[in-house]
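Summary of the model geometry
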Amino acid sequence: MASISFRHVRKTYPGGVTVVPDLNLEIADKEFVILVGPSGCGKSTTLRMIAGLEDISEGELYIGDRLVNDVAPKDRDIAMVFQNYALYPHMTVYKNIAFGLTLQKVPNDEIDRRVHEAAKALDLEHLLNRKPKALSGGQRQRVALGRAMVRNPAVFLLDEPLSNLDAKLRTAMRSEISRLHKRLQTTFVYVTHDQTEAMTMGDRIVVMKDGIIQQNDTPQNLYDYPCNLFVAGFIGSPQMNFVDAVIKKEANGFAAEFCGSKVALPARMSEKLGAYAGKTVVLGIRPEDIDAVDNGAKHDLDAKIEIAELMGAEINLHVTCQGAKFVVRAASTYKGREGDIGALVFDTEKVHLFDKETEQAIAN
């Protein structure tokens, strides 16, 4: 049993700096949970409290049924993979992977079996006699994973393990770690500031800001139903577009007026918008939910194309309209280019509305 439970956990550093004010979080056995947020949001501190590398100022932390506030890191049955690999440069890959088992005085034949088993799973068998300096970044990270694997820990903790890798390797290693979790059936807690990693790997994502959980949900729910402006802007790449809009009561429902245009809002939002009639809200819409069409076709908004970024299968259009800026994800066949006036169509079923003062979601 390797569930993790934070109960009113607080972390305050000397000098009165509180990084995590009041954390309540339940992580189920065998779950893959991602802690995500901007730098300084408390996600790495949270991970290090699980590892025992940071003391807890207040509250209780349980791993399984055991209170671990005062349990030494080596006795918590966890393994941690760091951003900088933390390999011993003078040891071979074999000895790096085996090092923790050697300290535990595990019999040599058992060490050999576990090392080769991990090396096979991570495609490292042909590298066991090399030293870290002869390995690529991706190979070094796999060695660090192997060193954690052989201990058969109850919990894997991964602290931004891919941030030092190039884009191609990051993509490959994301798949490796996801496969590893399915194979080991162990609890994984993974910290990253990269929302793409979070969306593609986790069973559940915990979005943090200033040490406070903003939303704790599945990747799909975070994407479709962000609870506030921060989550909406953090999840998604390119990020969600935001513009001030005035809610208008129409004969057949509600509409949002912005940039000199008006778009009808879905009927499902109507019961939530009565109190906002005539008021300014923040309208959010993702780049993929705006379509760029040929001039002359029916559309919602005219906007000037400032930058057109060809991404291969698609083009990211950076457009402006009456001071508002939007990013539009268009098909690569779209003919409009920088300096042109683009005709935009909004998928109003995908519009998000947020209270301008509280920044909380009104309707998704």
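In this report, we go over the structure that sits alongside the text.

Criteria and thresholds
Residues numbered from 1 in each chain as written. Predicted model: local features only at pLDDT ≥ 70, side-chain atom pairs only at ≥ 80, totals over all residues. Heavy atoms only, no water. Helix = DSSP H or I, 4+ residues; strand = E, 2+ residues; numbered from the N terminus. Buried < 20%, exposed > 50% of the residue type's maximum accessible area, 1.4 Å probe, protein only. Contact = heavy atoms within 4.5 Å. Lys, Arg positive; Asp, Glu negative; His and termini not counted. Charge placed at Lys NZ, Arg CZ, Asp CG, Glu CD. Core = buried A, V, L, I, M, F, W, Y, C linked by side-chain atoms within 4.5 Å. Pairing = 2+ DSSP bridges. Axes fitted to C-alpha atoms, helices over the stretch in contact; angles between N-to-C directions. Left-handed = near helix turned anticlockwise from the far one by under 90°. Nonpolar A, V, L, I, M, F, W, Y, C, P; charged D, E, K, R; others polar. Phe/Tyr/Trp six-rings, centres within 6.5 Å; stacked < 30°, edge-to-face > 60°. 1 Å grid on protein atoms, 1.4 Å probe; cavity = no way out; pocket = protein on both sides within 12 Å on 5 of 7 lines; lining within 4 Å. Points joined across faces, edges and corners; volume = space filled by probe spheres on them.

1. A look at the overall build of the protein
Summing up its helical and strand segments, the protein has nine helices and 21 strands in all. Projected onto its principal axes, the C-alpha positions of the protein cover 80 × 45 × 35 Å. Here the protein holds 364 residues, and 49% of them are scored as buried. For the protein, the proportion of contacts with a sequence separation of at least 24, taken over those separated by at least 6, is 65%. Positive and negative side-chain charges of the protein, numbering 44 and 48 respectively, have mean locations separated by a distance of 6 Å.

2. Looking at the pairing of strand 3 (residues 32-36)
Within strand 3, five of the five residues are buried, which leaves the element mostly enclosed by the surrounding structure. Burial along strand 3 is two-sided: Phe32, Ile34 and Val36 and Val33 and Leu35, pointing in opposite directions, are all buried.

3. With respect to helix 2 (residues 93-103)
Listing the buried residues of helix 2 in full gives Val93, Asn96, Ile97, Ala98, Gly100 and Leu101. Those residues of helix 2 that are buried lie in contact with helix 3 (108-121) and helix 4 (137-149). One or two residues past the end of helix 2 sits Lys105, with phi positive at roughly 60 degrees.

4. Considering the nonpolar core
Counting 45 residues, the largest nonpolar core has Ile34, Ile97, Leu145, Leu158, Ile177, Tyr190 and Val207 as its most contacted members. In terms of residues, this core owes the most to one element, helix 4, which gives five residues. Contacts of Leu158, omitting those with residues within four sequence positions, involve Leu47, Val81, Leu145, Ile177, Phe188, Val189, Tyr190 and Val191. One finds Leu265, Ile285, Phe346 and Leu353 within the second-largest nonpolar core, a separate group that totals 35 residues.

5. Observations regarding the pairing of strand 11 (residues 241-250)
Where strand 11 and strand 14 (residues 280-285) come together, six bridges link them in antiparallel fashion. Residue pairing in the sheet places Val243 in a bridge with Leu283 of strand 14. Relative to strand 12 (residues 253-258), strand 11 runs antiparallel, the two sharing five bridges. What sits directly across from Ile247, in strand 12, is Ala256. Where strand 11 hands over to strand 12, the hairpin turn is made up of two residues, counted between the paired strands.

6. Considering helix 1 (residues 43-51)
Helix 1 sits mainly inside the fold: seven of its nine residues count as buried. The set of residues buried in helix 1 consists of Lys43, Thr45, Thr46, Leu47, Met49, Ile50 and Ala51.

7. Description of the packing of helix 2 against helix 4
Relative to each other, helix 2 and helix 4 sit at 35 degrees, their axes nearing to 7 Å. Handedness of the helix 2/helix 4 crossing: right-handed. Contacts between helix 2 and helix 4 involve Val93, Asn96 and Ile97 on the former and, on the latter, Val143, Gly146 and Arg147. For the contact of helix 2 with helix 4, the per-class residue count stands at three nonpolar, two polar and one charged.

8. Some points on the packing of aromatic side chains
According to the stated counting rule, one finds eight aromatic pairs in the structure shown. A centroid spacing of 6.1 Å and a plane angle of 45 degrees characterise the contact between Phe32 and Tyr190, whose relative ring orientation is tilted. Separated by 158 residues along the polypeptide, Phe32 in strand 3 and Tyr190 in strand 8 (residues 187-192) bring together distant segments of the chain. Taking the relative accessible area as the measure of exposure, Tyr190 reaches 0% and is therefore buried. Taking the centre distance of 5.9 Å and the plane angle of 85 degrees together, the rings of Phe326 and Phe346 count as edge-to-face. With Phe326 in strand 18 (residues 324-331) and Phe346 in strand 19 (residues 341-346), this residue pair connects regions lying 20 residues apart in the sequence. Summarising the burial analysis for this pair, Phe326 and Phe346 share the class buried. An aromatic cluster is present here, built from Phe32, Phe156, Phe188 and Tyr190 joined pairwise through their rings.

9. Focus on the layout of surface pockets
Rolling a probe over the atoms, with the probe sized like a water molecule, indicates the empty space that remains. There is about 560 Å³ of room inside the largest pocket. If you trace the largest pocket, you find 20 residues lining it, with Ile78, Met80, Gly100, Arg147 and Arg151 closest to the centre. Broken down by element, the lining of the largest pocket gets its largest block of residues, four residues, from strand 6 (residues 78-81). Its residues placed into classes, the lining of the largest pocket shows 15 nonpolar, two polar and three charged. Empty space within the second largest pocket amounts to approximately 180 Å³. Taken together, the residues of the lining of the second largest pocket break down into three nonpolar, two polar and seven charged.

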